[in-house]
Amino acid sequence: MKVELEGPETLHREVIYSDGQIVHQSDLHKYLSHAGPNDTTVSVMVFDPDPLTTAQVNYGGQYVDDNDKNVGVLNVERKQRNTTFTYRNGKFISENDFVKISEFSAPVTTPANSSSAQFNYTRDKDQFEDVNVMYHITQQCEHIINLGYPQLPGYQIEVDAHAIGGADQSFFSTSVFPFRLYFGEGGVDDAEDFK
């Protein structure tokens, strides 16, 4: 059974129990901190999981990448979601406990950050892919934790959402630590497609 407990200001927890035993519990408070933890909730516009799935169409016609142009039928497939970013020095930075957007592979782009907690980018902005990556990797890590594996992956993954010189490929690298994800931009930007 899953129960959400609320009470005095210090109590807001989710508890899962079975046969009278607590099997999982988590703090549902969201904190604003200038030095961490990385848990400030922001609003993002993302593909969830991708525009072809939500539009229930095949790739082609208006439903093509078209070098990240703003295409109305693709922009309406963006969904408003919440995720966590780090708040530091008056800005929301694209980093949390699970993922950090970094620049370590060409082409050079500026990672998404804002003085507002609203990240509403369209596909023609490089930050759209950053925000999409932040949301989906955070969701996947939270899902693994909710399955009962709070130590996985156990580290923050660095991600370059615009990498490999624009090649049509992506990969995970363990050659440096923290480990890195490289998302290519050839064809459909891989950081836009989490199907």
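Treat the numbers as computed from the prediction; the structure is a model and nothing was measured. (Residues numbered from 1 in each chain as written. Predicted model: local features only at pLDDT ≥ 70, side-chain atom pairs only at ≥ 80, totals over all residues. Heavy atoms only, no water.)

1. A word on the overall build of the protein
Looking only at helices and strands, the protein features 3 helices and 12 strands. Relative to a compact globule of 195 residues, whose C-alpha radius of gyration would be 16 Å, the protein shows 18 Å and is just as compact. Referenced to the eigenvectors of the C-alpha coordinate spread, the extents of the protein come out at roughly 55 × 35 × 35 Å. Within the protein, counting contacts between residues at least 6 apart in sequence, those at least 24 apart form 56% of the total. Taken together, the 14 basic and 29 acidic charged side chains of the protein have centroids lying 3 Å from each other. (Helix = DSSP H or I, 4+ residues; strand = E, 2+ residues; numbered from the N terminus. Rg over C-alpha atoms; globule rule 2.2 N^0.38 Å. Contact = heavy atoms within 4.5 Å. Lys, Arg positive; Asp, Glu negative; His and termini not counted. Charge placed at Lys NZ, Arg CZ, Asp CG, Glu CD.)

2. Description of the pattern of salt bridges
Side chains that differ in charge, positive against negative, can pair when their charged atoms come close. Applying the stated criterion across every chain, the model contains 9 salt bridges. Across the pair aspartate 48 and arginine 81 runs a salt bridge, and its minimum N-O distance is 2.9 Å. With aspartate 48 in the loop between strand 4 (40-47) and helix 1 (51-55) and arginine 81 in strand 5 (residues 78-88), this residue pair connects regions lying 33 residues apart in the sequence. By relative accessible area, aspartate 48 is classed as partly exposed at 22%. Using a relative accessible area of 28% as the deciding quantity, one classes arginine 81 as partly exposed. Across the pair glutamate 192 and arginine 123 runs a salt bridge, and its minimum N-O distance is 3.2 Å. Note that glutamate 192 is positioned in the segment after strand 12 (180-183) and arginine 123 in the loop between strand 9 (118-119) and helix 3 (127-146), a separation of 69 residues in sequence. (Salt bridge = Lys/Arg side-chain N within 4 Å of Asp/Glu carboxyl O. Buried < 20%, exposed > 50% of the residue type's maximum accessible area, 1.4 Å probe, protein only.)

3. Remarks on the layout of surface pockets
Here the second largest pocket is characterised by a volume of approximately 180 Å³. Lining the second largest pocket are 14 residues, and of these Pro51, Leu52, Tyr59, Val188 and Asp193 lie nearest its centre. Taken together, the residues of the lining of the second largest pocket sort by class into 8 nonpolar, no polar and 6 charged. (1 Å grid on protein atoms, 1.4 Å probe; cavity = no way out; pocket = protein on both sides within 12 Å on 5 of 7 lines; lining within 4 Å. Points joined across faces, edges and corners; volume = space filled by probe spheres on them. Nonpolar A, V, L, I, M, F, W, Y, C, P; charged D, E, K, R; others polar.)

4. Quick notes on a nonpolar patch on the surface
Residues Leu147, Tyr149 and Leu152 make up a contiguous nonpolar surface patch of roughly 330 Å² in combined accessible area. Position of leucine 147 among the secondary structure elements: in the loop between helix 3 and strand 10 (157-160). When its relative accessible area of 53% is taken as the criterion, leucine 147 is described as exposed. (Patch = residues over 30% accessible without salt bridge, like charges linked within 9 Å, V, L, I, M, F, W, Y side chains within 5 Å. Areas by Shrake-Rupley, 256 points an atom, 1.4 Å probe, with all protein chains shown as cover.)

5. Here's the deal with the sheet that holds strand 9
Across the sheet, which stays open at both edges, the 5 strands sit in the order 8-6-5-4-9 with mixed pairing between neighbours. The open sheet has two edge strands, strand 8 (113-114) and strand 9, and neither has a second partner. (Pairing = 2+ DSSP bridges.)

6. Here we look at helix 3
In this model, helix 3 (20 residues) spans 28 Å end to end at C-alpha, consistent with the 28 Å of a helix rising 1.5 Å per residue. Along helix 3, the residues classified as buried are Phe128, Glu129, Asp130, Val131, Asn132, Val133, Met134, Tyr135, His136, Ile137, Thr138 and Cys141. The secondary structure elements touched by the buried residues of helix 3 are strand 4, strand 5, strand 7 (99-101), strand 9, strand 10 and strand 12. Just downstream of helix 3 lies glycine 148, where phi reads positive at about 105°. (Expected span 1.5 Å × (residues − 1).)

7. A closer look at the environment of valine 76
Relative to the helices and strands, valine 76 resides in the loop between helix 2 (72-75) and strand 5. The exposure class of valine 76 is exposed, given its relative accessible area of 57%. C-alpha of valine 76 to C-alpha of phenylalanine 171: the two residues are 95 residues apart in sequence and 29 Å apart in space.

8. Some thoughts on the pairing of strand 11 (residues 170-173)
Where strand 11 meets strand 12, 4 bridges bridge the pair, whose relative direction is antiparallel. Note that in strand 12 the partner of phenylalanine 171 across the bridge is tyrosine 182. Between strand 11 and strand 12, which pair antiparallel one after the other, the connecting turn spans 6 residues.

9. Focus on the confidence of the model for the protein
For the protein, the average pLDDT comes to 87, and 90% of its residues sit at 70 or higher. Long-range and interchain partners of residues 31-36, a stretch whose pLDDT sits below 50, account for 8 contacts in this model, where long-range means more than four residues apart. (pLDDT = per-residue confidence, 0-100.)

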